[in-house]
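Structure at a glance
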Amino acid sequence: MKTLLKGITSRTVGTDRLLANVLEREDGGARDTVVFVHGNCSSSLFFQPVMQLLPDSIRPIAVDLRGFGTSETLPVDATRGVRDYSDDVWSVVDELGLDRVHLVGWSMGGGVVLQQLLDRPDSVASVTLISPVSPYGFGGTAADGSRLTDDDAGVGAGAANPDFVARLKDGDTSADEATSPRSVFRSSYVASGYRTDLEDLWVASMLTTAVGDDNYPGDSVASPNWPGMAPGTRGVLNTMAPMYFDVSSIVDLPVKPPVLWIHGLDDAIVSDETFFDLGTLGKAGVLPGWPGEKVAPPQPMVSQTRAVLERYADAGGSYQEIAQPACGHSAHIEYPELVTDAIVELVAGTDRVV
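Conventions and cut-offs
- Every chain is numbered independently, its residues counted from 1 as its sequence is written.
- With pLDDT at 70 or above as the cut-off, local features in this predicted model cover only qualifying residues; side-chain atom pairs require 80 or more to be listed or tallied, and sums for whole chains, interfaces and linings still use all residues.
- As a rule here, side-chain values cover all heavy atoms of the structure and leave hydrogens and water aside.
- Numbering of helices and strands runs from the N terminus, with a helix taken as a DSSP run of H or I at least four residues long and a strand as a DSSP run of E at least two residues long.
- Relative accessibility under 20% of the residue-type maximum defines a buried residue, over 50% an exposed one, and the middle range a partly exposed one, all with a 1.4 Å probe and only protein chains included.
- What makes two residues a contact is simply this: any of their non-hydrogen atoms within 4.5 Å.
- Shrake-Rupley sampling with a 1.4 Å probe provides the accessible areas, and residues are treated as covered by the protein chains on show and by no other component.
- Two residue types count as positive, namely Lys and Arg, and two as negative, namely Asp and Glu; His and chain ends fall outside the count.
- Throughout, a charge is located at the NZ atom of Lys, the CZ atom of Arg, the CG atom of Asp or the CD atom of Glu.
- Here a polar contact is taken to be a pair of N or O atoms separated by no more than 3.5 Å, where protein atoms must pair a possible hydrogen donor with a possible acceptor and residues adjacent in sequence count only if both atoms sit in side chains.
- Residues grouped as a nonpolar core are buried Ala, Val, Leu, Ile, Met, Phe, Trp, Tyr and Cys residues, joined through side-chain atoms within 4.5 Å.
- Angles shown run from 0 to 180 degrees and are taken between the N-to-C directions of axes, each axis being a line fitted to C-alpha atoms and, for helices, limited to the stretch in contact.
- When describing relative orientation, an angle under 35 degrees is termed roughly parallel and one over 145 degrees roughly antiparallel, while 65 to 115 degrees is termed roughly perpendicular and anything else oblique.
- Side-chain classes follow a simple rule in which Ala, Val, Leu, Ile, Met, Phe, Trp, Tyr, Cys and Pro form the nonpolar group, Asp, Glu, Lys and Arg form the charged group, and the remainder, Gly included, forms the polar group.
- Helix crossings are classified by the rotation of the near helix relative to the far one: an anticlockwise turn of less than a right angle makes the crossing left-handed, while a clockwise turn makes it right-handed.
- The aromatic pairing rule takes the rings of Phe, Tyr and Trp, using the six-membered ring of Trp, and pairs them if the centres are within 6.5 Å, calling planes under 30 degrees apart stacked, those over 60 edge-to-face and the rest tilted.
- Within this document, salt bridges are pairs made up of a side-chain nitrogen of Lys or Arg and a carboxyl oxygen of Asp or Glu, the two lying within 4 Å of each other.

1. Here we look at the overall build of the protein
Within the protein, the regular secondary structure consists of 10 helices and 12 strands. With respect to the three principal axes, the spread of C-alpha positions in the protein is 60 × 50 × 40 Å. Burial analysis of the protein (354 residues in total) assigns 60% to the buried set. Taking as baseline every contact in the protein between residues at least 6 positions apart, the subset at least 24 positions apart corresponds to 72%. Accessible area for the protein stands at about 13,500 Å²; split by element, carbon and sulfur atoms hold 49% of it. On the protein, the mean spot of the 25 positive side-chain charges and the mean spot of the 48 negative ones are 2 Å from each other.

2. Regarding the side chain of Asn 21
Following the sequence through the fold, Asn 21 ends up in strand S2 (residues 19–25). A distance of 2.8 Å separates the side chain of Asn 21 from the side chain of Asp 64, its partner in a polar contact. Among the polar contacts made by the side chain of Asn 21, one reaches the side chain of Thr 70 at a distance of 3.3 Å. Ignoring anything within four residues of it in the chain, the contact list for Asn 21 reads Ser 10, Arg 11, Ser 44, Ala 62, Val 63, Asp 64, Thr 70 and Ser 71.

3. A look at helix H5 (residues 181–189)
Of all the nine residues making up H5, seven are buried; the element is thus mostly covered by neighbouring parts of the structure. Every buried residue of H5 is accounted for by Pro 181, Arg 182, Ser 183, Val 184, Phe 185, Ser 188 and Tyr 189. As for H5, its buried residues are in contact with strand S5 (101–106), helix H4 (162–170), helix H6 (199–206) and helix H9 (331–334).

4. A word on the nonpolar core
Counting residues in each nonpolar core, the largest one holds 90 residues, and the members touching the most others are Phe 36, Tyr 85, Tyr 189, Tyr 216, Ile 250 and Ile 343. A per-element tally of this core places helix H3 (residues 108–119) first, with six residues. What Ile 250 contacts, discounting residues up to four positions off in sequence, is Leu 114, Leu 117, Leu 118, Lys 256, Val 308, Leu 309 and Tyr 312. Within the second largest apolar cluster, five residues are counted, among which are Trp 226, Met 229, Leu 281 and Ala 296.

5. Structural notes on the side chain of Thr 179
Within the secondary structure layout, Thr 179 lies in the loop between H4 and H5. Within the local environment of Thr 179, its side chain forms a polar contact with the side chain of Asp 163, the two groups lying 2.4 Å apart. When near neighbours in sequence (up to four residues on either side) are disregarded, Thr 179 contacts Asn 161, Asp 163, Phe 164, Arg 167 and Val 184.

6. Regarding the packing of H5 against H6
Pairs of packed helices are described in terms of their axes, by the angle between the two and the distance that separates them. Running from N to C, H5 and H6 cross one another at 110°; their axes reach a closest spacing of 9 Å. Our classification of the angle between H5 and H6 gives roughly perpendicular. Residue-level inspection shows Pro 181, Arg 182, Phe 185, Arg 186 and Tyr 189 of H5 in contact with H6, the latter providing Glu 199, Asp 200, Trp 202, Val 203 and Met 206. The class makeup of the residues in the contact of H5 with H6 is six nonpolar, no polar and four charged.

7. Observations regarding the packing of helix H2 (residues 83–95) against H3
Orientation of H2 relative to H3, taken along the N-to-C sense of each, is 70°, at an axis distance of 9 Å. Taken together, H2 and H3 sit at an angle that is classed as roughly perpendicular. Between H2 and H3 lies a crossing of right-handed hand. Of H3, the residues touching H2 (which contributes Arg 83, Tyr 85, Ser 86, Asp 87, Val 89 and Trp 90) are Met 108, Val 112, Gln 115, Gln 116 and Asp 119. Residues that form the contact of H2 with H3 fall into these classes: five nonpolar, three polar and three charged.

8. Some words on the packing of aromatic side chains
Under the counting rule described, the total for this entry stands at eight aromatic pairs. Summarising the aromatic geometry, the rings of Trp 106 and Tyr 189 are spaced 6.3 Å apart at their centres and angled 80° between planes, so their arrangement reads as edge-to-face. With Trp 106 in strand S5 and Tyr 189 in helix H5, this pair connects stretches of sequence that are 83 residues apart. Residue class for Trp 106 comes out buried when judged on its relative accessible area of 1%. Judged by centre distance (5.9 Å) and plane angle (50°), the rings of Phe 185 and Tyr 189 are tilted. Taken together, the residues Phe 185 and Tyr 189, both in helix H5 and four residues apart, mark about one turn of the helix. When its relative accessible area of 1% is taken as the criterion, Phe 185 is described as buried. Through pairs of rings, three or more aromatic residues link up here, namely Phe 36, Phe 46, Phe 47, Trp 106, Phe 185, Tyr 189 and Trp 202.

9. Topic: the pattern of salt bridges
The tally for this structure, following the rule as stated, stands at 19 salt bridges. When the shortest N-O distance is used, the salt bridge between Arg 66 and Asp 88 registers 2.7 Å. In this pair, Arg 66 sits in the loop between strand S4 (58–63) and H2 while Asp 88 sits in helix H2, placing the two residues 22 residues apart along the sequence. There is no split in this pair, since Arg 66 and Asp 88 are both buried. The partner of Arg 234 in a salt bridge is Asp 214, with the nearest N and O atoms 2.9 Å apart.

Listed below in structure tokens is the structure:
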């Protein structure tokens with residue numbers, strides 16, 4: 001099927017780290033560059049509606065992470081958190097000869113761009129987060145970000161639904177079961193009732209995910225703590241385990257570019273009690289043996305993000321929150337005009353890239 005929308009082109013950019021697929025739109029002499037970083041089980045294809053809508057004054061670039069889209073499939077070292085991804089994106093930025101860029105990250109990509117900010121704050125003009133992973137990772141932390149167990153039990157690759165993983169690997173495009181990628185898109189990526197003529201494109205994007213222990217979902221190990229598993233050292237989901245991932249130290253950066261945070265009020269993946277968190281499933285009685293709220297509470301992901309961004313602002317930075325009603329996990333395809341307008345306003349309020 002045709003995957004590129006009108007005005008969007010694709011090319012391979014070779015760096016010293018990987019062969020990366022990059023989506024672009026003719027820049028028309030743009031002075032500012034926005035770099036889009038997608039989330040888990042997706043690709044840069046998801047950013048095309050916003051890329052189309054951005055004015056000629058902005059050059060949009062979207063990078064496929066390793067093991068997604070048509071970028072090179074390489075192992076993911078989860079013990080580095082999301083640094084394999086953030087280093088890859090910086091290598092593309094450097095290969096293209098770009099200076100200060102505006103970063104946009106969706107879901108896991110939100111964690112990637114915050115890691116990019118930590119590593120090279122002087123190279124970042126602004127940060128936009130769309131339904132980002134919590135600054136403390138995905139699962140396994142209390143409200144203040146402290147880890148619940150010393151091995152992050154219940155977090156990482158072992159929490160992935162095995163039937164969804166199998167259907168992803170098999171390229172299943174059906175909606176016959178709740179665990180098919182298309183059904184997961186409808187139930188979790190977008191708000192209930194959302195309809196689009198581009199659904200086949202979004203499912204095709206999901207199906208580019210490389211499946212295996214080195215990629216999605218990764219490996220897992222046994223744990224003496226509920227629910228009996230913990231993250232391994234390889235693969236996508238383990239990169240966001242709190243033992244490996246914590247970007248809350250953005251509050252201590254001497255350079256603090258403005259942050260825009262956009263999230264849907266009906267987000268099924270990132271919320272204060274998401275059913276993608278085993279703590280929530282235990283509390284709801286879906287998983288047996290739950291040890292209770294004091295031991296394994298649901299992770300308050302949205303509240304954690306807000307708390308860290310408040311500290312970021314108190315320490316001299318700034319942030320704007322847009323909490324969109326009737327919006328799920330993917331504001332950039334559910335409300336592309338809203339996201340585009342917010343990015344344009346953010347870019348206009350920062351120093352122009354020379």
